[in-house]
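The lines below spell out each chain.
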Amino acid sequence: MENMKEKEQMKSLEDIFEAKIARDEKIEPKDWMPEKYRKTHIRQISQHAHSEIVGMLPEGNWITRAPSLRRKVALLAKVQDEAGHGLYLYSACETLGISREELYHQLHSGKAKYSSIFNYPTLTWADIGAIGWLVDGAAIINQVPLCSTSFGPYARAMVRVCKEESFHQRQGYEIMMTLCNGTQEQKDMAQDALNRWWWPSLMMLGPTDDESTHTEQSMKWKLKRKTNDELRQQFIDQTVPQADILGLKVPDEDLKYNNETGHYDFGEIDWEEFWQVVKGHGMCNKERISARKNAWDKGEWVRDAAIAYADKQTEKEVKEAV
Amino acid sequence: MKKNWPLWEVFVRSKNGLEHRHFGSLHAPDADMALKNARDVYTRRSEGVSIWVVESKNIKASNPDENGEMFEPAADKAYRHPTFYELPDDIEHM
């Protein structure tokens, strides 16, 4: 009997909560929320933060080998932004009652996921161009709707992220542009990068709608405004003309503009590859995680020294005050 | 690992004449490092001219579950607003 009453109360709390979101009111960290909302948000925001942090690795690989000082400062700034984006998102996630240490632990132990795209290697300088153009392009499409998501701290972090992201895409496209206006060898390099990054970029927008398990709930909570397939179509429609301007060929034999729908029709995505990478069998999964762990473990003495210094300063102040 | 770096709240004044506004939070070992980290994390594109940091544990926050007791007393005091008072339509400068 008691139990029934409790359940009813919970149900009405949840109804009030859902109505609040439907009215476009924001949820703030100390507000009551269903446990499922909290957990889903911890999962998604942390996954997003981890993607920013791991995303620094494939690009960081090219900082020392950037072809000019102009390219080098731009790439450094982009990678630094990604660190910043990771930090905004981690602190947004912490407002839900999980500690930073626990979040790192989940990444390092493989419990938490990050975007699979970062498990592909960056083989040539053109990959830096392709990442900015395609990967950041797909990320923008994913992220813009999140600026109006229901959880206040996440929405605010996303506003800041989106403002900074457009430079990333433009610097990538400019790299591609320069290569495509260069020697045949440079143009081939750009084409090769597009060939390798095109399909993984399409996969970045998530499994197809009939395979996607969280869509309905996520739509209600405004974690999603459009389905994965809609976002993917939007990405293809806006990116193909950009490839045409570069004079590059999108590596899809079935890609064709459909006059009736006003969209591009495109070929089958190799979802088997996607799931393999998600499950940890991508080209760089092990390398990425071990680089993160390594950075964290080897930085421990620095973190300890900094806190020891801070404690010592506090002691000194107390003594002086006495 | 001896001790984790505490959490700090960051407030930024975008330009003189505006108040400091909450921008987000970060971890740092002490106040000086928190300020420096805040500069790098929250003002990479000249978003501020002044930063405050305060350790999060020093903030006492009101509880939204008690918003009734906390804020409702103001709801029935319409006489605190100028529109409560009835004046002739043709009166000016008031």
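Presented here is a report on the structure given in the accompanying data block. Quick caveat, the model's predicted, so the values are computed rather than measured.

### A look at the overall build of chain B
Helices and strands together make up the secondary structure of chain B, namely two helices and three strands. Each helix and strand of chain B, ordered N terminal to C terminal, gives the series β-β-α-β-α. Since a compact globule built from 94 residues should have a radius of gyration of about 12 Å, the 21 Å found for chain B marks it as more spread out than a globular shape. In terms of its C-alpha atoms, chain B occupies a principal-axis envelope of roughly 70 × 35 × 15 Å. By the burial criterion, 23% of the 94 residues in chain B qualify as buried. Taking as baseline every contact in chain B between residues at least 6 positions apart, the subset at least 24 positions apart corresponds to 42%. Positive and negative side-chain charges in chain B, numbering 13 and 16 respectively, have mean positions lying 16 Å apart.

### As for the overall build of chain A
In terms of regular secondary structure, chain A is built from 12 helices and two strands. Along chain A, from the amino end to the carboxyl end, the secondary structure elements read α-α-α-α-α-α-α-α-α-β-β-α-α-α. Summarising its shape, the C-alpha atoms of chain A cover approximately 70 × 60 × 35 Å along the three principal directions. Within chain A, buried positions represent 50% of all 322 residues. A separation threshold of at least 6 residues defines the contact pool for chain A, and within that pool the share at least 24 residues apart is 76%. Accessible surface for chain A amounts to roughly 16600 Å². Of this, 55% is attributable to carbon and sulfur atoms.

### Regarding the environment of E28 of chain A
Residue and element names in this part refer to chain A. With respect to the helices and strands, the residue E28 is situated in the loop between helix 1 (2–22) and helix 2 (35–60). Here the alpha-carbon distance between E28 and I269, two residues 241 residues apart in the chain, equals 39 Å. Filtering out sequence-adjacent residues up to four positions away, E28 remains in contact with M33, F151, G152, P153 and R156. Among the polar contacts made by the side chain of E28, one reaches the side chain of R156 at a distance of 3.0 Å.

### Focus: the nonpolar core
Counting residues in each nonpolar core, the largest one holds 90 residues, and the members touching the most others are W197 and W198 of chain A together with L26 of chain B. Of the residues forming this core, the biggest block, 11 residues, is contributed by helix 5 (residues 125–143) of chain A. Beyond its immediate chain neighbours, meaning those up to four positions away, W198 of chain A contacts L134, F235, I236, T239, V240, V250, P251 and D252 of chain A.

### Regarding the interface of chain A and chain B
The partner chain B presents 21 residues to the 24 residues of chain A that form the contact. In total, about 2000 Å² of surface goes out of reach between chain A and chain B, with carbon and sulfur atoms giving 50% of it. Among the residues chain A hides against chain B, the three largest losses belong to K30, R160 and I307 of chain A. Together they make up 26% of the total. Applying the counting criterion to the chain A and chain B interface returns five salt bridges. Between D81 of chain A and R45 of chain B there is a salt bridge; the shortest N-O distance is 2.5 Å. Inspection of the chain A/chain B interface yields 11 residue pairs in polar contact (both at pLDDT 80 or more). Contributing elements (two or more residues each) for the side of chain A that touches chain B: helix 3 (69–94), helix 4 (100–108), helix 6 (152–180) and helix 12 (300–321) of chain A. Considering only residue class, the side of chain A that touches chain B consists of eight nonpolar, four polar and 12 charged.

### Quick look at the pairing of strand 1 (residues 7–13) of chain B
All names here are of chain B. Where strand 1 meets strand 2 (residues 20–27), seven bridges bridge the pair, whose relative direction is antiparallel. Bridging across to strand 2, V12 finds its partner in R21. Bridge analysis of strand 1 against strand 3 (residues 50–55) gives six bridges, and the strand direction is antiparallel. What sits directly across from F11, in strand 3, is W52.

### Quick look at the pattern of salt bridges
Residues and elements named next belong to chain A. In this structure the tally under the stated criterion is 25 salt bridges over all chains. Taking the shortest distance from any N to any O, the salt bridge between R71 and E174 comes out at 2.6 Å. Of this pair, R71 sits in helix 3 while E174 sits in helix 6, and the two are 103 residues apart along the sequence. The class of R71 is buried, set by a relative accessible area of 12%. Judged by its relative accessible area of 31%, E174 falls in the partly exposed class. Where E82 meets K78, a salt bridge forms, and the shortest distance between an N and an O atom there is 3.0 Å.

The rules behind each value
- Residues numbered from 1 in each chain as written.
- Chains lettered and ligands numbered in written order.
- Predicted model: local features only at pLDDT ≥ 70, side-chain atom pairs only at ≥ 80, totals over all residues.
- Heavy atoms only, no water.
- Helix = DSSP H or I, 4+ residues; strand = E, 2+ residues; numbered from the N terminus.
- Rg over C-alpha atoms; globule rule 2.2 N^0.38 Å.
- Buried < 20%, exposed > 50% of the residue type's maximum accessible area, 1.4 Å probe, protein only.
- Contact = heavy atoms within 4.5 Å.
- Lys, Arg positive; Asp, Glu negative; His and termini not counted.
- Charge placed at Lys NZ, Arg CZ, Asp CG, Glu CD.
- Areas by Shrake-Rupley, 256 points an atom, 1.4 Å probe, with all protein chains shown as cover.
- Polar contact = N/O pair within 3.5 Å; in protein donor to acceptor, adjacent residues only side chain to side chain.
- Core = buried A, V, L, I, M, F, W, Y, C linked by side-chain atoms within 4.5 Å.
- Buried area = accessible area lost by both parts, 1.4 Å probe.
- Salt bridge = Lys/Arg side-chain N within 4 Å of Asp/Glu carboxyl O.
- Nonpolar A, V, L, I, M, F, W, Y, C, P; charged D, E, K, R; others polar.
- Pairing = 2+ DSSP bridges.

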